[in-house]
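These are the residues of each chain, in order.
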Amino acid sequence: MKVCTKCKKTKKEEEFYFKNRKEKRLASKCKECYRKDNHKRYMNGKGMWIYIIKIDEKIIYIGSTTQLASRLSVHRNPNGKNGVIYKARKAGLDLENSKVDFYVCNLEDMGLSMDIQDLRYYEHSLIKFFQNKGEDLLNIRDKSRFVNRNRFINEVPISVLDFNKYYTFYIE
């Protein structure tokens, strides 16, 4: 018998994962608590997210995702070929001593019910909006395949989207 450090219940050893199978050491939390923690962590990152990336207060990239944490980790990686830092360097931007800010808007928190195509539609609408304002974005998709949609979605004015600062880091 062993006590779970999370729920404080005494449980059979079979109800714990192995921390080290060779040494037959058991994990400190029971399987049920591990599953709950993993599910909670997974659900915290889910949503219908549109994000804006700024370098030194200048908007350079707009994207969308249903898994915010994993998408932003791609952009933070300076060696990843899908990240914004790689794209900025490839475009010839000087990133030395730059500040990178991630702003996010969860469309589900705004009460919008949508599918992945709707999310991409809003992403492309935002890209088009900023490009029409003269912003020089690193996004290569400037024409959305969703512009002439047959499906009606409730249009939300871009000015209503509420972006909040989510993460900041510095490039040295």
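Going by the structure above, here's the rest.
All values derive from a computational prediction rather than experimental measurement.

Engineer: Please set out the pattern of salt bridges residue by residue, giving values where relevant.
Structural biologist: The final tally for this structure, using the stated rule, is nine salt bridges. Between Asp-37 and Lys-29 there is a salt bridge, with the nearest N and O atoms lying 2.6 Å from each other. The same class applies to Asp-37 as to Lys-29, namely buried. The salt bridge involving Lys-99 is made with Asp-101; its shortest N-O contact spans 3.8 Å. The class for Lys-99 is partly exposed, based on a relative accessible area of 22%.

Engineer: Describe the layout of surface pockets, and please don't skip the residues or the numbers.
Structural biologist: The gaps left among the atoms become clear once a water-sized probe is rolled over them. In this structure, the second largest pocket spans a volume of roughly 190 Å³. Contributing to the lining of the second largest pocket are Ile-55, Asp-56, Lys-58, Ile-60, Ala-91, Leu-93, Asp-94, Leu-95, Ser-98, Asp-136, Leu-137 and Leu-138.

Engineer: Can you break down unusual backbone geometry residue by residue, with the values?
Structural biologist: The phi torsion at Glu-57 lies on the positive side, around 70°, for a residue other than glycine. Along the chain, Glu-57 falls in the loop between strand E5 (46–55) and strand E6 (58–67). One non-glycine residue, Asn-97, adopts positive backbone phi at about 55°. Following the sequence through the fold, Asn-97 ends up in the loop between helix H3 (84–90) and strand E7 (98–106).

Engineer: Could you give an account of the pairing of strand E4 (residues 25–30), with specific residues and numbers?
Structural biologist: Of the pairings in the sheet, the one linking strand E3 (residues 16–20) to E4 comprises three bridges and is antiparallel in character. Residue pairing for E4: Phe-18 is matched across the bridge by Leu-26. If you look at the hairpin formed by E3 and E4, you'll find four residues sitting between the two strands, and Lys-24 has a positive phi there, around 55°.

Thresholds, definitions, all that
- Counting restarts for each chain: residues are numbered from 1 in the order of the written sequence.
- Where local features are concerned, this predicted model is filtered to residues with pLDDT of at least 70; where side-chain atom pairs are given and counted, the filter is 80 or more; whole-chain, interface and lining totals use all residues.
- With hydrogens and water set aside, each side-chain value is computed from the structure's full complement of heavy atoms.
- Just to be clear on terms, a salt bridge is a Lys or Arg side-chain nitrogen sitting within 4 Å of an Asp or Glu carboxyl oxygen.
- For every residue, the accessible area (1.4 Å probe, protein chains only) is compared with the maximum for its type, and the residue is labelled buried under 20%, exposed over 50%, or partly exposed between those bounds.
- For each structure, a 1 Å grid was placed over the protein atoms alone; sets of points admitting a 1.4 Å probe that cannot get out are labelled cavities, open sets with protein on both sides within 12 Å along at least five of seven lines are labelled pockets, and lining residues have an atom within 4 Å of a point.
- Grid points are joined across faces, edges and corners, and a volume is the space filled by probe spheres set on the points.
- Here a helix means four or more residues in a row that DSSP labels H or I, a strand means two or more in a row labelled E, and each is numbered from the N terminus.
- Note on pairing: two strands pair once DSSP finds at least 2 bridges between them.

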